[in-house]
Amino acid sequence: MSQRTVQECRQRLGRAEGAELAALIDTYASDERHTVRAAVAAATRRLERERAEHNRLSRLSELEDSLRARGLTYIAGVDEVGRGALAGPVTAAAVILRPGAHIEELDDSKRLTPAKRLRVSEQVRGTALAFGVAHVPAHVIDGLGMTVAVRTAMIRALALLEPAPDHVITDGLRVGLPMAETPVVKGDAKVAAVAAASVLAKVVRDGLMAGYEESYPGWDFSVNKGYGTARHLEAISQLGLSPVHRRSFAPCCEGYTLF
């Protein structure tokens, strides 16, 4: 058989993944042509990244796998976003992932760029067994306090899941849900379903806050998402408060009015 051209070697290495890529790297490892050797080196680095990512995603699923091994079937991850904002709701998402689910780039939402969060969110929606998102608005947060508001948002999100979960994994401390729960510190970076929930909650809430820009122009909600940036604080001092500001939060509780 005639030797493949340099271009053919590079194309094959560029297209292949996983076991096929590893086999091609072995095949071309002894090729003495400089360009092919460079392509093999690049392919080797890519394979190492793929394997590292596969191992990372496998570690994210370890807790869920161990709970399934104990006889549990539907394990939900739940997380919230918006706790520290000055405006808008606190939003919770709950996700039940299928066993063996592989969601590329899945991670704590805070570690992902907006573009990556959107891609991951679409994968979660397309591959999860069930998911739900719920909001508790600003005026209810003012009445309940944040701890109760977060619990309420999580319970509402979990109630949207079909099938209902056997067990819930939460991020951080125990929430006090009316069902069995396992709290995991930094769970959004350690547990697949919690990471998926963190991404879904973030994307949905960010979209909601961006939509407020049209109704309440001037507070820069499409950029700050309700958080206390310098520009947002300046807008509060100049314009007062919108209907979606949390009046129990400083500086919103310092006598500003508008609506």
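Residue numbers restart at each chain and count upward from 1, following the sequence in its written direction. Residue-level local features of this predicted model are given only where pLDDT is at least 70; pairs of side-chain atoms are given and counted only at 80 or more, and the full residue set underlies all totals for whole chains, interfaces and linings. With hydrogens and water set aside, each side-chain value is computed from the structure's full complement of heavy atoms.

Caption draft 1: Region of the structure containing the packing of aromatic side chains. For this analysis, a ring pair means two rings from Phe, Tyr or Trp (six-membered ring only for Trp) whose centres lie within 6.5 Å, classed as stacked if their planes differ by under 30 degrees, edge-to-face if by over 60, and tilted for the remaining angles. Going through the model one piece at a time under the given rule, you end up with three aromatic pairs. For the ring pair Trp 219 and Phe 221, a centre distance of 6.3 Å and an interplane angle of 15° mean the geometry is stacked. Each residue gets one of three labels from its accessible area relative to the maximum for its type: buried under 20%, exposed over 50%, partly exposed in between, using a 1.4 Å probe on protein chains only. Residue classification places Trp 219 among the buried residues on the basis of a relative accessible area of 2%. For Phe 221, a relative accessible area of 0% puts it in the buried group. Through pairs of rings, three or more aromatic residues link up here, namely Tyr 212, Tyr 216, Trp 219 and Phe 221. One residue, Arg 246, lies across the ring of Phe 249, its end atom 5.1 Å from the ring centre. Only Lys NZ and Arg CZ are tested; either one counts as a charge over a ring when it is within 6 Å of the ring centre and within 35 degrees of the ring normal.

Caption draft 2: Local environment of the packing of helix α1 (residues 6-15) against helix α3 (residues 34-60). For the pair α1 and α3, interaxial distance at closest approach is 9 Å and the crossing angle is 0°. Judged on the interaxial angle alone, α3 and α1 are roughly parallel. Note on element contacts: α3 touches α1 through Thr 35, Val 36, Ala 39, Val 40, Ala 43 and Arg 46, opposite Val 6, Cys 9, Arg 10, Leu 13 and Gly 14. Residue classes in the contact of α1 with α3 are distributed as seven nonpolar, two polar and two charged. Throughout, an axis means a line fitted to C-alpha atoms (over the contacting stretch in the case of helices), and angles, computed between N-to-C directions, take values from 0 to 180 degrees. The way it works is that DSSP assigns letters per residue, a run of H or I at least four long becomes a helix, a run of E at least two long becomes a strand, and they are numbered from the N terminus. Just so you know how the angles are binned, under 35 degrees is roughly parallel, over 145 roughly antiparallel, 65 to 115 roughly perpendicular, and the rest oblique. Two residues form a contact once any of their heavy atoms are found within 4.5 Å. Ten residues, namely Ala, Val, Leu, Ile, Met, Phe, Trp, Tyr, Cys and Pro, are considered nonpolar, four, namely Asp, Glu, Lys and Arg, are considered charged, and the remaining ones, Gly among them, are considered polar.

Caption draft 3: View of the packing of helix α2 (residues 18-28) against α3. Remark: α2 packs on α3, axes separated minimally by 10 Å, with the N-to-C direction vectors making an angle of 150°. Classified by the interaxial angle, the pair formed by α2 and α3 is roughly antiparallel. Read as a crossing pair, α2 and α3 show a hand that is left-handed. Contact with α2, carried on its side by Gly 18, Leu 21, Ala 22, Ile 25 and Tyr 28, involves Val 36, Val 40, Ala 43, Thr 44, Arg 46, Leu 47, Glu 50 and Arg 51 of α3 and no other residues of that element. Put simply, a crossing is left-handed when the front helix is turned counterclockwise from the back one by less than a right angle, and right-handed when it is turned clockwise.

Caption draft 4: Seen up close, the sheet that holds strand β2 (residues 90-96). A pair of strands is considered paired only if DSSP assigns at least 2 bridges between the two. One open sheet accounts for five strands, arranged β3-β2-β1-β4-β5; its pairing is mixed. Strands with a single pairing partner mark the edges of an open sheet, and in this sheet they are β3 (130-136) and β5 (181-184). With strand direction ignored, the average angle separating the axes of adjacent strands in the sheet is 20°. Across seven bridges, β2 lies against β3 in antiparallel orientation. By the bridge assignment, Val 90 is partnered in β3 with Val 136.

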